[in-house]
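Report on the structure
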Amino acid sequence: MGNHVNNICNKISTGVYVVKRIKWVGTQEAAKITYYALVESHIRYGLTIWGSSSGNLKRVLRSTSVKPFYMQTHMDLHSYPTRHASRFVLPQHRTALFEKNPSYLGQKLKNLLPDHLRTLTGNRLKSLLKEFLLKNPVYKIEEFLELMNISP
C-alpha cells in the first residue's frame, strides 16, 4: 500500500507542477482543465482507500497545495467601480524571496503599466507592449520603475 501511495503522490506532485506552469504561461481555463485531469482524478480515485489511513490522506492532500486558479483584481473585491479596478490584488507575504516569484512579479509589473496597456489582454497587449518597450527600452526592473516614476 505504501508503494502505491508514493506512486500516486508523485503523480499528483507532477500534476501540480504542470498546473502551475500552465497557469503561468496559459489561460486560467487551461489550468483548470489540467488540474481536473492530472490532479483531482488521482485524488478521487483513491479517496475511499486513503480515508481509512489518515496519515496517507494527509500526505496526499499536502502534495496538492495548488493556489487558487484566479488572480484577483480590485474589480473582484468591489461591487462598484474604483480607480484601481483593473489592477491585481497582490498577495500578502513575509519574505523578499516571495517578491522574486515570477507570478508575483508579473502581477506587480502589470499593475505599474499605463492604464491603456494594463486593461488589454492577449495579442493586443503583446503588440502594444512591444511598441511601448521599443519606444522606451528598459534593461532592468529599476529602469522600468524609473520610467513609471516610481522609486524602487
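Anything mentioned here points back to the structure above.
Residues numbered from 1 in each chain as written. Predicted model: local features only at pLDDT ≥ 70, side-chain atom pairs only at ≥ 80, totals over all residues. Heavy atoms only, no water.

Quick look at the pattern of salt bridges
If you walk through the whole model with that rule in mind, you get 1 salt bridge. With a shortest N-O distance of 2.5 Å, D115 and R118 are connected by a salt bridge. Here the residue D115 and the residue R118 both occupy positions in helix α7 (residues 115-118), the gap between them amounting to 3 residues, near one helical turn. (Salt bridge = Lys/Arg side-chain N within 4 Å of Asp/Glu carboxyl O. Helix = DSSP H or I, 4+ residues; strand = E, 2+ residues; numbered from the N terminus.)

Remarks on helix α8 (residues 122-135)
Here α8 spans 20 Å end to end across 14 residues, near enough to the 20 Å set by a 1.5 Å rise per residue. Here α8 has its buried residues at L125, L128 and F132. The buried residues of α8 occupy an angular sector of 80° when the element is viewed end-on, so they sit on one face. Within α8, the exposed residues directed more than 90 degrees away from the buried face are N123, K126, K130 and L134. The inward-facing, buried residues of α8 contact α6 (102-112), α7 and α9 (141-147). (Expected span 1.5 Å × (residues − 1). Buried < 20%, exposed > 50% of the residue type's maximum accessible area, 1.4 Å probe, protein only. Arc of directions from axis to C-beta. Contact = heavy atoms within 4.5 Å.)

Some points on the packing of aromatic side chains
Tallied over the entire structure, the rule returns 2 aromatic pairs. Aromatic pair Y35 and Y36: ring centres 5.4 Å apart, planes at 65°, arrangement edge-to-face. Y35 gets classed as buried once you look at its relative accessible area, which sits at 17%. (Phe/Tyr/Trp six-rings, centres within 6.5 Å; stacked < 30°, edge-to-face > 60°.)

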